[in-house]
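Given next are the chains, with one letter for each unit.
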Amino acid sequence: MRHTLVTLVEDKPGVLTRVAGLFRRRNFNIESLTVGHSETPEISRMTIVVNCDDAVLEQVIKQLYKLVNVTKITDVTDEQTVIRELALIKVQANASTRAEIIQFAEVFEAKIVDLTRESVTIEITGTEDKVDALCRLLRPFGIKEMVRTGRVAMLRGVSGNGAEKG
Amino acid sequence: MKLDGASIVWASLVKEGVTVTFGISGGKVIHLFHRLTEYPIHNVLTRHEQGAAHAADGYARATGKVGVCIATSGPGATNLVTGLATAYMDSSPVVAITGQVATPDIGRDSFQETDITGITLPITKHNYLVTDVRDLAEAIKEAFHIARTGRPGPVLIDIPADVQVAQTEYVYPEEVHFPGYRPTLRGHDRQVRMATQLIDQAERPILIAGHGVTIARGEAELMELAVKADIPVVTTLLGKSCFPEDHPLSLGMIGMHGQPYANQAVQDADLIVVIGMRFSDRDTGSISTFAPRAKVIHIDIDPAEIGKNVRVDVPVVGDARNVLETMVRLAQPTNHPEWLARIAHWRADAAGHDILSRESDALFPQYVVRAISEQTEGNALIVSDVGQNQMWEAQYYVHRRNNTLLTSGGLGTMGFALPAAMGAKIGRPDDPVWVIAGDGGIQMNIQELATITQEKLNIKIAILNNGYLGMVRQWQQFFFEGRYSGTPLSGPDFVKLAEAYGILGLRVTEKAEAAPAIRQALEHPGPALIDFRVVQEENVYPMVRPGDSISQMMRRPKPALQDGAPEEVQA
């Protein structure tokens, strides 16, 4: 099963290596990892998606907590969350296909961020499923290039707290 | 006061109570060593950085204090790796200080440059690359704190040469501030109460004591609980000596080469109370068949150990001593006469399989270990190496005092014993210190004999010399058609070698010579080495095949002295 862990870490050199190395060393199956600034200076926020059963998940969380720079982990899998992924998709296009591609993008509330005679670049934000669905529609036109950010997640409502460390 | 980085290192070590370090100089620690003479710290110059890391580890295990090792950049630093991995696997508090090329040279493949923080990432509890002298004092303070608190472990600090020279105002921090590091010491009240209730209700309880009991100095509390609740105690390899092995409640070691009655007791128990151990495969055998009838109480300071390998009924996260203390207070005085009688019956049966119960003039390695045990009255601080010698030590040395066995349990590092014994002897100069090693392992760090002489360390070294990498040879005999590939080895003349290093060398080839030679070594005022030419193809019994249940042990065949096919015994 896929689990989403919101992980707060001290913004110290090497912290990403420590987290990534831990997953490799313990043979945990990491699906995606995004990292960026959080609301607190010197604290970065990682959204980690792991594919594992509950027993392994417990180990993932405990082993992550053993990293000195990890300050807090929240498993938001079963919580009310806003989950988003951003993707940029560059699709082959010509005069006969361009309109259809743009139409698909509009249905998905995606943006056209670049346009040439031979290509359309689309920016889409949404759940992974939504991004997957658009990809499926666009693939027959020929996807020249694509980048996906991986999942970011946030709890809905006022509170954003999960398990305290320790 | 303004100090340079090198001085800050030594001044901070002094603040941490360090009086001795183990290390080797080199191009990127010249400045560090230059400042050493201004501080009240003695550096033991080992002959190889691996020796320095093991010596720091041995010092740490023997004293409970942080052991410090020092190496230069590049090969000096990489030579520490095996020692750090050893300390990491066995939760030993070590701080390693390495020199690094100057910060402008990092990343340019400079001479003797290596990414030692990258290399040691998975084998240290934490590590630092200090690129600004203003961060140095704080990094050292944090490193010592992390190394010695919670579940101890090694921490490495990599200091570029220019940082050692750069000056800054020196203030050693009073406190550390970690938003993400707060070990739990005190067991949760409700969990401890639940655990104690299970102990009160159990009919066939067993205490399984691991290294955590020694690290937490919880030996007295373990004894109180065992006696008050009348529970037999088994230990892991690293748990050995946390409970006196001549005590009626002691069943010795469990696991692959454990005492058969200890394994049988665990397999038959209705409750196992597991303290400061991590369910290593060497202890549990096949995990699905381990202690099948037992409820499990697991006490450990590392929450990640709970549920890692074995399902647990009552987990207690906390310091072993703290939790045991509470359990002693809450537990009801009980007796388990039937249970103890059943175990006594198993124990009596095991005696018939014991090599020492046979009439023989041959010099069996087990006999040598037992002779050392008797001549030192079970009071010596033993540092064993890895392999057959380690298992015979574990089976035949009767440890009567706490924290008297240091050995590489987790990583199984051959070559550990000799350098670790140097650290142990320096940490506990009044203890008789014995190395028990094989002729293979001793040669892996034999160069440290020179350090022993230079430092005038009164260490006694027993080599169980059988001309093989014996444990692997045993596996080849049992599981690989008896094909001794890559295991026969010829050693040097160890007596002459000892003499070349200025160490008393003795050779024992006959059983009758063993005890007198051990006494001679003991009476000799300096270091001594005894080359015991033991029976070459002797095996460690009993043995659980890798992957088998610990109920199924291969036992020494009763009638024949030398090996026929081993007996299978089902507990």
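Every chain is numbered independently, its residues counted from 1 as its sequence is written. In the order they appear in the text, chains get letters beginning with A and ligands get numbers beginning with 1. The model is predicted, so local features are restricted to residues of pLDDT at least 70 and side-chain atom pairs to those at 80 or more, both for listing and for counting; the totals for chains, interfaces and linings are taken over all residues. The side-chain values count all of the structure's non-hydrogen atoms but skip hydrogen atoms and water molecules.

Another point: the sheet that holds strand E11 (residues 250-253) of chain B. Residue and element names in this part refer to chain B. Read across the open sheet, the six strands follow the order E11-E10-E9-E12-E13-E14; overall the sheet is parallel. Either end of the sheet is taken by a strand with one partner, and the two such strands are E11 and strand E14 (314-317). Direction aside, the axes of adjacent strands within the sheet are offset by 15° on average. A strand pair is defined by DSSP finding two or more bridges across the two strands. A run of DSSP states H or I qualifies as a helix once it reaches four residues; a run of E qualifies as a strand once it reaches two. Both are numbered from the N-terminal end. Direction of pairing for strand E13 (residues 295-300) relative to E14: parallel, over a ladder of four bridges. The residue of E14 that forms the bridge with Ile-297 is Val-314. Inter-axis angles, ranging from 0 to 180 degrees, are taken between N-to-C directions of lines fitted to C-alpha atoms, where helices are fitted over the stretch in contact.

A separate point is the packing of helix H11 (residues 219-228) of chain B against helix H14 (residues 320-330) of chain B. Residues and elements named next belong to chain B. Look at H11 against H14: their axes get within 9 Å of each other, and the N-to-C directions meet at 30°. Looking at the two axes, H11 sits roughly parallel to H14. Our pair here, H11 against H14, has a crossing hand that is left-handed. Residues Glu-221, Leu-222, Glu-224, Leu-225 and Lys-228 of H11 form the contact with H14, whose own contacting residues are Arg-321, Leu-324, Glu-325, Met-327, Val-328 and Arg-329. Lys, Arg, Asp and Glu make up the charged group, whereas Ala, Val, Leu, Ile, Met, Phe, Trp, Tyr, Cys and Pro make up the nonpolar group; the residues left over, Gly among them, are polar. Looking at the contact of H11 with H14 residue by residue, the classes come out as five nonpolar, no polar and six charged. Any angle from 65 to 115 degrees is called roughly perpendicular, while one under 35 is roughly parallel, one over 145 is roughly antiparallel, and all others are oblique. Whether a crossing is left-handed or right-handed is set by the direction in which the near helix is turned from the far one by less than a right angle, anticlockwise for left-handed and clockwise for right-handed. In what follows, a contact means two residues having at least one pair of non-hydrogen atoms within 4.5 Å.

Residues and elements named next belong to chain B. Note on aromatic contacts: the rings of Phe and Tyr and the six-membered ring of Trp form a pair at centre separations within 6.5 Å, being stacked when their planes are under 30 degrees apart, edge-to-face when over 60 apart, and tilted otherwise. This structure, assessed with the given rule, holds 11 aromatic pairs over all chains. With a centroid separation of 6.2 Å and an interplanar angle of 55°, the aromatic rings of Phe-22 and Tyr-59 are classed as tilted. Here Phe-22 is found in strand E2 (residues 20-23), whereas its partner Tyr-59 is found in helix H3 (residues 49-63), with 37 residues between them in sequence. Look at Phe-279 and Phe-290: their rings are 6.1 Å apart centre to centre, the planes differ by 85°, and that puts the pair in the edge-to-face class. With Phe-279 in the loop between strand E12 (271-275) and helix H13 (281-284) and Phe-290 in the loop between H13 and E13, this residue pair connects regions lying 11 residues apart in the sequence.

So, about the interface of chain B and chain A. Facing 20 residues of chain B, the contacting portion of chain A comprises 18 residues. Buried area, as used here, totals the accessible surface that two parts lose on assembly, with accessibility defined by a 1.4 Å probe and the loss added over both. Taken together, the two surfaces of chain B and chain A that pack against each other cover about 1500 Å², and 52% of this comes from carbon and sulfur. What counts as a salt bridge is simple: a side-chain nitrogen of Lys or Arg found within 4 Å of a carboxyl oxygen of Asp or Glu. Scanning the region where chain B abuts chain A turns up one salt bridge. Residues adjacent in sequence count toward polar contacts only when both atoms are side-chain atoms; beyond that, a polar contact is any pair of N or O atoms within 3.5 Å, and within protein one must be able to donate a hydrogen and the other to accept it. In this assembly, chain B and chain A are joined by five residue pairs in polar contact (both at pLDDT 80 or more). Class assignment for the residues of the side of chain B that touches chain A results in 10 nonpolar, five polar and five charged.

Our next topic: the pattern of salt bridges. Counted by the stated rule, this structure contains 36 salt bridges over all chains. A salt bridge links B:Arg134 to B:Asp132; its shortest N-O distance comes to 2.6 Å. The buried label goes to any residue with under 20% of its type's maximum accessible area, the exposed label to any with over 50%, and the partly exposed label to all in between, with areas taken from a 1.4 Å probe on protein chains only. Looking at B:Arg134, the relative accessible area reads 64%, which means it is exposed. Overall, B:Asp132 belongs to the partly exposed group, its relative accessible area being 22%. Two residues, B:Arg217 and B:Glu219, come together in a salt bridge whose shortest N-O distance is 3.1 Å. Assessed through its relative accessible area of 41%, B:Arg217 is described here as partly exposed. Bridged by salt links that share partners, the residues A:Lys66, B:Arg151, B:Asp302, B:Glu305 and B:Lys308 form one connected network.

So, about the sheet that holds strand E17 (residues 433-438) of chain B. Residue and element names in this part refer to chain B. Strand order across the open sheet formed by six strands is E16-E15-E17-E18-E20-E19, with parallel pairing between neighbours. With one partner strand each, in any of the chains shown, strand E16 (405-406) and strand E19 (504-508) form the two edges of the open sheet. Helix H22 (residues 511-523) rests against E17, strand E18 (459-465), E19 and strand E20 (528-533) of the sheet, and its axis sits at about 170° to E19.

All names here are of chain B. Of all the residues in H11, the buried ones are Glu-219, Glu-221, Leu-222, Leu-225 and Ala-226. Viewed along the axis of H11, the buried residues span an arc of 160°, placing them on a single side of the element. Contact partners of the buried residues in H11: strand E9 (205-209), helix H10 (211-215), strand E10 (233-235), E12 and H14. This arc is taken over the directions from the axis of the helix to the C-beta atoms.

Once that is clear, we can look at unusual backbone geometry. Cis peptide bonds are those with omega within 30 degrees of zero, and the linkage from B:Tyr541 to B:Pro542 qualifies with -10°. Mapped onto the elements, B:Pro542 comes out in the loop between E20 and strand E21 (552-555).

The next subject is the packing of H3(B) against helix H18 (residues 417-427) of chain B. For any two helices packed against each other, the geometry is given by the interaxial angle and the distance between the axes. Residues and elements named next belong to chain B. Two elements in contact, H3 and H18, have axes whose closest approach is 6 Å; the angle formed by their N-to-C orientations is 40°. The angle between the axes of H3 and H18 places the two elements in the oblique class. Where H3 crosses over H18, the two elements pack in a sense that is right-handed. Residues Gly-51, His-54, Ala-55, Gly-58, Tyr-59, Ala-62 and Thr-63 of H3 touch H18, and the partners they reach there are Pro-419, Ala-420, Met-422, Gly-423, Ala-424, Ile-426 and Gly-427. Class assignment of the residues belonging to the contact of H3 with H18 gives a composition of eight nonpolar, six polar and no charged.

Below, the discussion takes up the domain arrangement of chain A. Residue and element names in this part refer to chain A. Domains assigned within chain A are domain 1 (2-75) and domain 2 (82-152). Taken together, the contact between domain 1 and domain 2 spans six residues of the former and five residues of the latter. Summed over both partners, the interface of domain 1 with domain 2 buries about 460 Å², with 51% contributed by carbon and sulfur atoms. On the surface where domain 1 and domain 2 come into contact, there are zero salt bridges. Along the contact surface separating domain 1 from domain 2 lie two residue pairs in polar contact (both at pLDDT 80 or more). For each domain, the first and last residues come from an automatic or database assignment.

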